[in-house]
Every structure is written in structure tokens, then in C-alpha cells.
Amino acid sequence: WEFNGSFYQPSAFLMMGIPGLEALHPWISIPFCALYLTALLGNCVILFIIRKTQSLHEPMYYFLSMLAVTDLGLALCTLPTTLGLFWFNMRSIGFDACLTQMYFIHILSFIESSVLLAMAFDRFIAISHPLRHPSILTKTTVLKIGLAIVLRGVVSLLPIPFLLKRLTYCGKTELSHSFCFHPDIMNLACADIKVNVFYGMIILLSTVGMDFVFIVLSYILIIRTVVSLTTKEECLKALNTCVSHICAVLVFFIPMIGLSMIHRFGKNVPPLVNTLVAYTYLIIPPALNPVIYSIKSTHIREALLRALRRKR
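Predicted, not measured: the structure shown is a model, and the values here were computed from it.

### Comments concerning the packing of helix H3 (residues 95–128) against helix H10 (residues 243–265)
1) Next: At a minimum axis distance of 11 Å, the contact between H3 and H10 shows a crossing angle of 150°. Taken as axis vectors, H3 and H10 run roughly antiparallel relative to one another. The handedness of the crossing between H3 and H10 is left-handed. Of the residues in H10, those touching H3 at Ser109, Phe110, Glu112, Ser113, Leu116, Met119 and Ala120 are His245, Ala248, Val249, Phe252, Phe253 and Met256.

### Topic: helix H1 (residues 25–52)
1) Next: Taking 1.5 Å per residue as the helical rise, H1 with its 28 residues ought to reach 40 Å, and the 40 Å between its terminal C-alpha atoms agrees with that figure.
2) Next: Within H1, the axis deviates most sharply at Pro31, by approximately 25°.
3) Next: Of all the positions in H1, only His25, Ile28, Ser29, Phe32, Tyr36, Ala39, Gly42, Asn43, Ile46, Ile49 and Ile50 are classed as buried.

### Let's talk about the pattern of salt bridges
1) Next: Enumeration according to the criterion identifies 4 salt bridges in this entry.
2) Next: Asp96 is paired through a salt bridge with Lys165; the nearest N and O atoms lie 3.0 Å apart. One end of the pair, Asp96, is in helix H3; the other, Lys165, is in helix H6 (residues 159–165), with 69 residues separating them in the sequence.
3) Next: Using a relative accessible area of 48% as the deciding quantity, one classes Asp96 as partly exposed.
4) Next: For Lys165, a relative accessible area of 33% puts it in the partly exposed group.

### A closer look at a nonpolar patch on the surface
1) Next: A cluster of nonpolar side chains, contributed by Met210, Phe212, Val213, Phe214, Val216, Leu217 and Ile220, occupies part of the molecular surface with about 560 Å² of accessible area.
2) Next: By the element assignment, Phe214 lies in helix H8 (residues 194–227).

### Observations regarding the side chain of Thr78
1) Next: In this structure, Thr78 sits in helix H2 (residues 59–88).
2) Next: Residue classification places Thr78 among the buried positions, given a relative accessible area of 1%.
3) Next: Only 2.9 Å separates the side chain of Thr78 from the side chain of Tyr36, close enough to count as a polar contact.
4) Next: Beyond its immediate stretch of four places on either side in the chain, Thr78 contacts Tyr36, Gln101, Ile105, Phe179 and Leu282.

### Section: the UniProt feature "transmembrane region" (unreviewed entry) in the protein
1) Next: Residues annotated in UniProt with the feature "transmembrane region" (unreviewed entry) correspond here to residues 24–50, 62–88, 100–121, 142–164, 197–222, 243–264 and 276–295.
2) Next: Helix makes up 100% of residues 100–121 and strand 0%, and the two end C-alpha atoms of the span are 32 Å apart.
3) Next: Secondary structure across residues 276–295 divides into 100% helix and 0% strand, with the first and last C-alpha atoms of the span separated by 26 Å.

### Details of the side chain of Thr82
1) Next: Here Thr82 shows up in helix H2.
2) Next: Classification of Thr82 by relative accessible area gives buried; the value is 0%.
3) Next: A polar contact is formed between the side chain of Thr82 and the backbone oxygen of Thr78, at a distance of 2.9 Å.
4) Next: What Thr82 contacts, discounting residues up to four positions off in sequence, is Phe32, Tyr36, Ser178 and Tyr279.

### Here we look at the layout of surface pockets
1) Next: Each pocket or cavity is described by its volume, and for the largest pocket that value is around 630 Å³.
2) Next: Taken together, 24 residues form the lining of the largest pocket, with Met60, Arg123, Lys237, Thr241 and His299 sitting closest to its centre.
3) Next: Looking at the lining of the largest pocket residue by residue, the class counts come to 10 nonpolar, 8 polar and 6 charged.
4) Next: Within this model, the second largest pocket holds a volume of roughly 460 Å³.

### Things to note about the packing of aromatic side chains
1) Next: Taken as a whole and judged by the stated rule, the model has 13 aromatic pairs.
2) Next: Pairing Phe86 with Tyr279 gives two aromatic rings, centres 6.4 Å apart and planes at 50°, and the pair type is tilted. Placement of the pair is Phe86 in helix H2 and Tyr279 in helix H11 (residues 271–296), with a sequence separation of 193 residues.
3) Next: Classification of Phe86 by relative accessible area gives buried; the value is 2%.
4) Next: The interplanar angle of 70° and the centroid separation of 6.5 Å between the aromatic rings of Phe181 and Tyr281 together place this pair among those described as edge-to-face. Here the residue Phe181 occupies a position in the loop between H6 and helix H7 (182–186), and Tyr281 occupies one in helix H11, the gap between them amounting to 100 residues.
5) Next: Residue classification places Phe181 among the buried residues on the basis of a relative accessible area of 4%.
6) Next: With a relative accessible area of 3%, Tyr281 lands in the buried category.
7) Next: One aromatic cluster is present, formed by Phe181, Phe212, Phe252, Phe253 and Tyr281 through successive ring pairs.

Rules of the game
- Residues numbered from 1 in each chain as written.
- Predicted model: local features only at pLDDT ≥ 70, side-chain atom pairs only at ≥ 80, totals over all residues.
- Heavy atoms only, no water.
- Axes fitted to C-alpha atoms, helices over the stretch in contact; angles between N-to-C directions.
- Helix = DSSP H or I, 4+ residues; strand = E, 2+ residues; numbered from the N terminus.
- Parallel < 35°, antiparallel > 145°, perpendicular 65-115°, else oblique.
- Left-handed = near helix turned anticlockwise from the far one by under 90°.
- Contact = heavy atoms within 4.5 Å.
- Expected span 1.5 Å × (residues − 1).
- Bend = angle between axes of the 7 residues up to and from the residue.
- Buried < 20%, exposed > 50% of the residue type's maximum accessible area, 1.4 Å probe, protein only.
- Salt bridge = Lys/Arg side-chain N within 4 Å of Asp/Glu carboxyl O.
- Patch = residues over 30% accessible without salt bridge, like charges linked within 9 Å, V, L, I, M, F, W, Y side chains within 5 Å.
- Areas by Shrake-Rupley, 256 points an atom, 1.4 Å probe, with all protein chains shown as cover.
- Polar contact = N/O pair within 3.5 Å; in protein donor to acceptor, adjacent residues only side chain to side chain.
- UniProt positions renumbered as here; feature names shortened; annotations may be inferred.
- 1 Å grid on protein atoms, 1.4 Å probe; cavity = no way out; pocket = protein on both sides within 12 Å on 5 of 7 lines; lining within 4 Å.
- Points joined across faces, edges and corners; volume = space filled by probe spheres on them.
- Nonpolar A, V, L, I, M, F, W, Y, C, P; charged D, E, K, R; others polar.
- Phe/Tyr/Trp six-rings, centres within 6.5 Å; stacked < 30°, edge-to-face > 60°.

Written out as C-alpha cells, the structure is:
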């Protein structure tokens, strides 16, 4: 502990694995390794295919590249502490290291939310205004959108580590997960955390919350456009281009909203449920997104098959 008058700050936090199943951590690590391997390899393959295939140099696949990079970052943020705990029972993480991991986890989560919104906008333009799509979403516009997404996440979350560092911590130093999460750290403080709660809620609602609302609005407009199409085949073809994105949205937002609600209002929720929702939120989307897009996107699947044939 570092002591400075009445100000206390722990030198480290203790991470938690899966409560009640600590003896099985080495076995539990096997599916986690499979998920991490799928996330790393799958997203790297997506990036490689898009980079090497000229026909995929379109706005939809540029945004998919951003999603793949974000998923890689999320997987790499939690992989060292999660597998370190499962394999070697390394529970301790330094205070500053914990704040750094937390900052990047939240930034990447916010970026993923914004990228999913940009992909919804791309689908809306492609379906509602197909002739104007290339002129609206040019390479320069896509680049500007990408920079705006990153700046939005970095700037909006910049005060969070400083708000946590000003708090006094005492008593428990045990986190609820094998990674650092803002509400989890905040609840260990024995000081007034109203500012942290208020700022965290405002940022969450004004970024991820607004992204989700605009994604829903985009799909309402898409459905209105699709319904106006003349033939059933055209309707199905238009909707089929959105299936992968809808799956990615559901896989990301449902666990994220659930975890946020549990940390803020679910005081009586069993620890095991909290842990499972947290892992679903941070590990499942990076692993599933490349699988979803590889299965549903004909262009990516064909480009992948061509690359495998050339290698053989």
C-alpha cells in the first residue's frame, strides 16, 4: 500500500477467475485457448484476404478491416491476464497496469460499437441509394470516419484513469474478473464515487447507447426500402447482405448491455453469472465475427478458397 496522509492506493489488485471452479482452471483454459486462437487467426486471415484481394477494396470491407483490427486488440488486451491466471494462477496485477488495461479495453469496445454503426450506415446507403454509394463513401470519407471513431474513443475515455487514481482504496482489492473493468475497480474504492458513476453513465449512453439507437434506426430505414422493392428475390438479396452485420451487432451489444447492467444494478446476481457474461462480452465477439463473415460473405469465402488453392 502507498500511504500519503489519508490517501490510500493499492500497489496491485487481485484478479478472479471463475468462482467455485478454481481447481478446474487448467481444463477451463482449453476452450479459452481455442477462442483466442480463433480470434487471432480468424481476424488476421480477414485482414490478409481484404488486403490481397483488389475486388474487396470497397467501403464495406474497409469497415470490416477496422472491425477485425479492433477485435484483435480486444483479444490481445485480455489474453495475457486471463491465460496467466488459468495456467499459472498469476492473480496480481499492478495498479497502473490495471488502469492501462482497463483504458484500452474500454477504448476498443467503444471503437467496435462505432465501427458497427459505420457498417450499418454503409448498408443503408448501399441498399437505399446504390447508385450514389461509391460517391458518398469514398476512400477519403471512410478514412475520415475511421479517424473520427478512434479520436472519439480516446478523448471520451481519457478522464477515466485519472478519476480512478484520485480515489482512496481500502479493504478489498479483489476484482471480479481476470481483467480490469471500470465499474469493477470503482466499486473497490471507499471514497465518494458519484463523479465516476455519473461520468461513466454519461459516456456510455452518449457513445455506445447512441450507436445502438442509430443502428436500430438504420435498419428501420433499410426495412422500409426493402419492403418497397418489387420482387421477393430482390428483398431477400438485399437483406442477405445485412445478415452478417446483424449477427455481429447482436453478439456485441447483448453481452455488453448485460454486463453494464449487472455491474450497476445487479448486486444480488451470482458471481458465476457475472463472470460468464463478462467473458462472453470480451472473448466471444472477436472469435465469432471472422467466422460469421467468412461463412456469410461470398466474396471473402471465394477469396479465401483462391488463396488456399494458390498455396497448394
